[in-house]
Amino acid sequence: MKDLDLIDLRSDTVTKPSEGMMKAMFSASVGDDVYHEDPSVNALQDFVADFFGAEKALYFPTGSMANQAAIKLHTQPGEQLIAHQWSHVYNYEGGGVSFNSGVSCKLLEGAQGMLRAEQIGPAVNPPDFYHSPLTTLVCVENTTNKGGGACYEFDQLEAIGDECKKYGLKYHLDGARLWNALVAKGQNPKQYGALFDTISVCLSKGLGAPMGTVLVGKSETISRAMRVRKVLGGGMRQVGYMAAAGLYGIQHQLDRLSEDHARALELAESLKALDYVQNVEPTQTNIVIFYLKPEVDQNKFLNFLENNKVRISAMGQGKWRMVTHLDYTQAQHERMLKLLNEFVYP
Ligand SMILES: *Cc1c(COP(=O)(O)O)cnc(C)c1O
């Protein structure tokens, strides 16, 4: 068998900088960003703030740090935030909610990792009942990660925002994959900037940069975020090389996310037709979640993929995840569609 290149669908974080992105990095002007003197970081922050119609933006090394900073900005120790039970802030940030902010989480259920406005009121602890933690923040995710890349209709987010206003809660959007939602739904980013107190957007997923997340919000909020970022160890120096990659990603690799979405949908459609697949979750963006039939030997499936130089994520209990991205080419896609049809069970 001739040497095949690896098809890596574990995550959209596995991409390497494209040629154009490398050029942008090489030619970036840089300075000490702790002194606010890195022109490339400043350009990225200004661009992203403007993109969302927000007052100010701040560059973070990771999405987790940006989310954790946002939670710190909006809460005091002992308080409680509301989030979906599958949310990244609760499940995948190392317990940072309690470690960094001393805050607890009220976790809610909901299809595909999404909350509904009518769930908010009943989840808010009565503010004058001093036995229970004071509820001060709602965090939503768009697109949802564990929810399979699902995205909200904008009016659903507005309805949750109305509840936040009614109960005096801050409203944070974990928008690690907000770019995918904007492209999939054709939504206006400025509406997002107007609705949320803070939004984090990731540059190292679909947009293909090596690192970085930007947090946007009001000037006053983002000025305070600077101090929190420093406390968390996220003050960086000549990081403009990385910021330039992020800006390149937004300017040149955003619209192409629709290709990732189209390929993900084709994968989902072909999985549905296979006799060894139990169920495929609705696929709206670049994440495909599916379940093998219980009688299928999970290891056999994994070995079959490994032998054919394909990597996807096993999520346990027969649940599997594939994520399409910039480095998943049309040729790989065609090979993948064929391969899925070649697996024989049991
Ligand atoms: C990837 C991701 C993050 C941030 O992850 P980092 O690896 O810390 O950059 C945050 N929220 C969601 C929903 C994500 O998918």
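Details of the structure are given in the entry above.
Residues numbered from 1 in each chain as written. Predicted model: local features only at pLDDT ≥ 70, side-chain atom pairs only at ≥ 80, totals over all residues. Heavy atoms only, no water.

(A) Region of interest: the overall build of the protein. The helix and strand tally for the protein stands at 14 helices and 13 strands. For 346 residues, the compact-globule estimate of 2.2 N^0.38 gives 20 Å, and the protein sits close to it at 21 Å. Counting over 346 residues, the protein shows a buried share of 56%. Considering only intrachain contacts with a sequence separation of at least 6, the fraction spanning at least 24 residues in the protein is 75%. Roughly 15100 Å² of accessible area belongs to the protein as shown, and the carbon and sulfur atoms make up 52% of that amount. Charged side chains in the protein number 33 positive and 39 negative. The centres of these two groups are separated by 3 Å. (Helix = DSSP H or I, 4+ residues; strand = E, 2+ residues; numbered from the N terminus. Rg over C-alpha atoms; globule rule 2.2 N^0.38 Å. Buried < 20%, exposed > 50% of the residue type's maximum accessible area, 1.4 Å probe, protein only. Contact = heavy atoms within 4.5 Å. Areas by Shrake-Rupley, 256 points an atom, 1.4 Å probe, with all protein chains shown as cover. Lys, Arg positive; Asp, Glu negative; His and termini not counted. Charge placed at Lys NZ, Arg CZ, Asp CG, Glu CD.)

(B) Summary view of the site of the ligand. By nearness alone, every residue bordering the ligand is listed as T62, G63, S64, N67, H88, E93, E141, N145, D174, A176, R177 and K205. Within the backbone of G63, a nitrogen or oxygen atom sits 2.8 Å from an oxygen atom of the ligand. One nitrogen or oxygen atom from the side chain of D174 is found 2.6 Å from a nitrogen atom belonging to the ligand. Protein contacts shield 82% of the accessible area of the ligand, which totals 380 Å² for the unbound molecule. Looking at the shell around the ligand, the element that brings in the most residues is helix α3 (residues 63-74), giving three residues. (Near = heavy atom within 4 Å. Polar contact = N/O pair within 3.5 Å; in protein donor to acceptor, adjacent residues only side chain to side chain.)

(C) Seen up close, α3. With twelve residues, α3 should reach 16 Å at 1.5 Å per residue; the first-to-last C-alpha distance of 17 Å fits that figure. Across the twelve residues that make up α3, a large majority, nine, are buried. With a side-chain oxygen lying 3.0 Å from the backbone nitrogen of M65, the N-terminal cap of α3 falls on T62. (Expected span 1.5 Å × (residues − 1).)

(D) Examining the nonpolar core more closely. Ranked by internal contacts, the top residues of the largest apolar core, which has 55 residues, are F52, V138, V140, I160, W179 and Y192. Setting aside residues no more than four positions away along its own chain, I160 makes contact with L115, R116, A117, I120, V138, V140, Y152 and Y171. In this structure, I7, L292, L305 and F343 belong to the second largest nonpolar core, which totals 26 residues. (Core = buried A, V, L, I, M, F, W, Y, C linked by side-chain atoms within 4.5 Å.)

(E) Geometry of the sheet that holds strand β12 (residues 313-316). One open sheet accounts for four strands, arranged β9-β10-β13-β12; its pairing is antiparallel. The strands lining the two open edges of the sheet, one partner per strand, are β9 (277-280) and β12. This sheet shows a mean twist of 30° between the axes of neighbouring strands, independent of strand direction. Here β12 pairs with strand β13 (residues 319-323) via three bridges, running antiparallel. Considered in β13, the bridge of A314 is made with W320. (Pairing = 2+ DSSP bridges. Axes fitted to C-alpha atoms, helices over the stretch in contact; angles between N-to-C directions.)

(F) Geometry of the environment of Q298. For Q298, the location among the structural elements is in helix α13 (residues 298-307). Once the C-alpha coordinates of Q298 and W320 are considered, the two residues, 22 residues apart in sequence, prove to be 9.9 Å apart. Ignoring any residue separated from it by four or fewer positions in sequence, one finds Q298 in contact with L292, K293, G318 and W320. Polar side-chain contacts of Q298 include one of 2.9 Å to the side chain of W320.

(G) Inspection of the environment of G175 at higher detail. Tracing the chain through its elements places G175 in strand β6 (residues 170-175). Residue G175 is classed as buried on the basis of its relative accessible area, which comes to 0%. Sequence separation between G175 and D297 is 122 residues, and the spatial gap between their C-alpha atoms is 36 Å.

(H) Local environment of unusual backbone geometry. Omega for the bond connecting N142 with T143 falls within 30 degrees of zero, at -5°, which places this linkage in the cis form. Backbone geometry at H36 places phi at a positive 60°, although glycine is not the residue there. Locating H36 in the fold gives a position in the loop between α1 (19-26) and α2 (39-51).

(I) Geometry of α13. Those residues of α13 that fall on the buried side of the exposure criterion are F301, F304 and L305. The buried residues of α13 all sit within an arc of 95° when viewed along its axis, so they share a single face. Seen from the open side of α13, the exposed residues pointing more than 90 degrees away from its buried face are N299 and N307. Each element contacted by the buried residues of α13 is listed here: β10 (287-292), β11 (310-311), β13 and α14 (330-340). The opening residue of α13, the one whose side-chain oxygen lies 3.0 Å from the backbone nitrogen of N299, is D297. Residue K309 follows α13 closely and has a positive phi angle near 60°. (Arc of directions from axis to C-beta.)

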